[in-house]
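# Structural overview
If you want the building blocks of each chain, they are given just below.
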Amino acid sequence: MQAKGIGSGDRVLVFIPMSISLYQTILGLFYLGATAVFLDAWADRHRLAQAIKQTECTGFIGTPRAHLLQLISPAIREIPCKLTSWQRQNIKPIKDDCSIVAHDVPALITFTTGSTGTPKAANRTYAFLHQQHIALADHLQLHKDDIVLTTLPIVILHSLAMGCTSIIADTDPRKPEKVNTEKTIKAINSEKVTTAIASPVFFQKLAKQNECPKATGLKRIFLGGAPVFPRLAQKLLNAFPGTSIQIIYGSTEAEPISTIDATALIDYEEKHNGLLVGKPVSGIKTMIMKPHEYSLSGQTEEVLANLRQAQGEPGEICVAGDFVLKNYYRSEDAWHMNKFRFAGDIWHRTGDAGYLDGGNNLFLLGRLKHTFVHKGRLFYVFPIENRLLEHPDVRLGTIIQVNEMAILVVEPQHRLIDKKKFLSFLEQLQLPCDKMVIMRKIPRDPRHNSKIDYDRLKSILSTN
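These notes cover the structure that comes with them. Only a predicted model underlies this, so the values are computations on that prediction, with no experimental measurement involved.

On to a positive patch on the surface, then. A contiguous patch of positive charge on the surface is contributed by Lys 175, Lys 178, Lys 205, Lys 208, Lys 235, Arg 415, Arg 440 and Lys 441. Secondary-structure elements contributing two or more residues to the positive patch are strand 10 (175–179) and helix 7 (200–209). Relative to the helices and strands, Arg 440 is located in the loop between strand 26 (435–438) and helix 14 (454–463).

This next bit is on helix 5 (residues 153–162). For helix 5, the set of buried residues is Val 155, Ile 156, Leu 157, His 158 and Ser 159. Where helix 5 is buried, its residues meet helix 1 (20–32), strand 5 (106–111), helix 4 (126–140), strand 7 (147–150), strand 8 (165–168) and strand 11 (195–198).

This brings us to the pattern of salt bridges. A full pass over the atoms with the stated rule returns 11 salt bridges. The partner of Lys 183 in a salt bridge is Asp 170, and the shortest N-O contact between them spans 3.4 Å. One end of the pair, Lys 183, is in helix 6 (residues 181–190); the other, Asp 170, is in the loop between strand 8 and strand 9 (171–172), and 13 residues separate them in sequence. We classify Lys 183 as partly exposed; its relative accessible area is 49%. Between Lys 285 and Asp 345 there is a salt bridge, and its shortest N-O distance comes to 2.8 Å.

What follows concerns a nonpolar patch on the surface. A cluster of nonpolar side chains, namely Leu 68, Leu 71 and Ile 72, defines an oily patch on the protein surface of about 330 Å² accessible area. One can find Leu 71 in the loop between strand 3 (59–62) and helix 3 (74–77). Here Leu 71 falls in the exposed class, since its relative accessible area comes to 70%.

On to helix 2 (residues 45–55). Along helix 2, the residues that are buried comprise Arg 47, Leu 48, Ala 51, Ile 52, Gln 54 and Thr 55. Buried residues of helix 2, seen end-on, are gathered within an arc of 165 degrees and therefore sit on one face of the element. Residues of helix 2 that are exposed and point more than 90 degrees away from the buried face comprise Arg 45, His 46 and Lys 53. Against the buried residues of helix 2 lie strand 1 (11–15), strand 2 (35–38), helix 3, strand 5 and strand 6 (121–125). Looking one or two residues beyond helix 2, the residue adopting positive phi is Glu 56, at roughly 50 degrees.

Time to look at the pairing of strand 1. Most of strand 1 sits out of view: five of its five residues are buried. Here strand 1 shows a buried face lined by Arg 11, Leu 13 and Phe 15 and a second buried face lined by Val 12 and Val 14. Of the strand pairs in this sheet, strand 1 and strand 2 are connected by three bridges, and their pairing is parallel. Bridge pairing in strand 2 links Arg 11 to Thr 35. One crossover worth recording links strand 1 to the parallel strand 2 by way of helix 1, and it is right-handed.

The next thing to look at is the sheet that holds strand 26. The mixed open sheet is built from three strands, whose spatial order is 24-25-26. On the outer flanks of this sheet lie strand 24 (394–402) and strand 26, each paired with one strand and no other. Neighbouring strand axes in the sheet, compared pairwise and without regard to direction, differ in orientation by 20 degrees on average. In this structure, strand 25 (residues 405–412) lies alongside strand 26, joined through four bridges in parallel fashion. Residue Ile 407 lies in a different strand from strand 26, and its bridge partner there is Lys 435. Contacts between helix 13 (residues 419–429) and the sheet are confined to strand 24, strand 25 and strand 26, with strand 26 contributing the most and set at about 135 degrees to the helix.

Conventions we followed
- Residues numbered from 1 in each chain as written.
- Predicted model: local features only at pLDDT ≥ 70, side-chain atom pairs only at ≥ 80, totals over all residues.
- Heavy atoms only, no water.
- Patch = residues over 30% accessible without salt bridge, like charges linked within 9 Å, V, L, I, M, F, W, Y side chains within 5 Å.
- Areas by Shrake-Rupley, 256 points an atom, 1.4 Å probe, with all protein chains shown as cover.
- Salt bridge = Lys/Arg side-chain N within 4 Å of Asp/Glu carboxyl O.
- Lys, Arg positive; Asp, Glu negative; His and termini not counted.
- Charge placed at Lys NZ, Arg CZ, Asp CG, Glu CD.
- Helix = DSSP H or I, 4+ residues; strand = E, 2+ residues; numbered from the N terminus.
- Buried < 20%, exposed > 50% of the residue type's maximum accessible area, 1.4 Å probe, protein only.
- Contact = heavy atoms within 4.5 Å.
- Arc of directions from axis to C-beta.
- Pairing = 2+ DSSP bridges.
- Right-handed = clockwise from strand over helix to strand, strands pointing away.
- Axes fitted to C-alpha atoms, helices over the stretch in contact; angles between N-to-C directions.

Here is the structure:
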């Protein structure tokens, strides 16, 4: 990279799958003081061009296959410096020592999934990564003798910093639901994995396979990236007896926000008033604000104080802390819509609806944008989705409002579902339902394949 002219201040688009080569590249860029720019593997040409333009990339590093993108992407062709990750030259010693950079220099720029609109360029500075590392160290409690299997790229940076051995799970980021379960369980056993960290769909697949053979020696499981309802928590507890199972709630801009043990989630009595995600972790401040679709960044302290919800009252979950992202890369509009200053802190609006109870327990109610009013009553989707999962024939279900009509959407466990018994079940729940649709497969998010893609689902229902 140095021989090609990449140095401090350069922004380099990296198209390398999770591999040893990826982390060699990241650490090499850090050494030179450059910034690594990442897009999801499923990004389309428009998203790719948008990211390159916004970050003004001067370098591109990818596998030989990734370089084929030049055939369809004028934006990549215009990047002046291009390298192949497998390329090897007569390497000479590095000319200079490791670059010394300011704490607010971007180390990584990653793009959010865009679930709340246009994808935002998350500016992960060196200070932010360091504070996130401290927070993860406090919660994950990894030790040098731990062997960590993961599907999440950022986790490996943390485990490297902790001196742990990392095992990269055999998954395709473009198809997160396609897990080679047999190979993964063999790797857990042969490599003596102690800790596994991944999205819910990964462990859901392992739990299904784990009847035979068993994953032995696994001491801890951490799930994140999508909601975990009690039914999945129970399934994991049954599949991995004796293993500590922790559920993490967070977002691109703040990870972690809160955590809960799977057993505590199962044992909690009030299961129908939202999804319990535990207590906020140390080092993070949590505030519930009245739903407000406009920017809060220009409001006075007095106005913001009046927008704060009382204990038990639902609203938008907002967080602040050292490991909460402070800004987006070259996007003032994104800052004004997602951040605001209050009481000396920069607060992040998660876009999630929720509330805090008297014990400082945080409950999720779903995305704010998916709440709806039906016959004069306000409804949140997570309590409804949790109730639907109580029916043994339902794999996944939700209610979505299309043209002021509340449509119940169900993905059955099997092709056939006893509609008569199911309708009787729905009557007991007293759900706001104008129409019912049974779908073979409800669309999931492309990143984790673990949560409902409501925008795609709404588009499908609107055209039918």
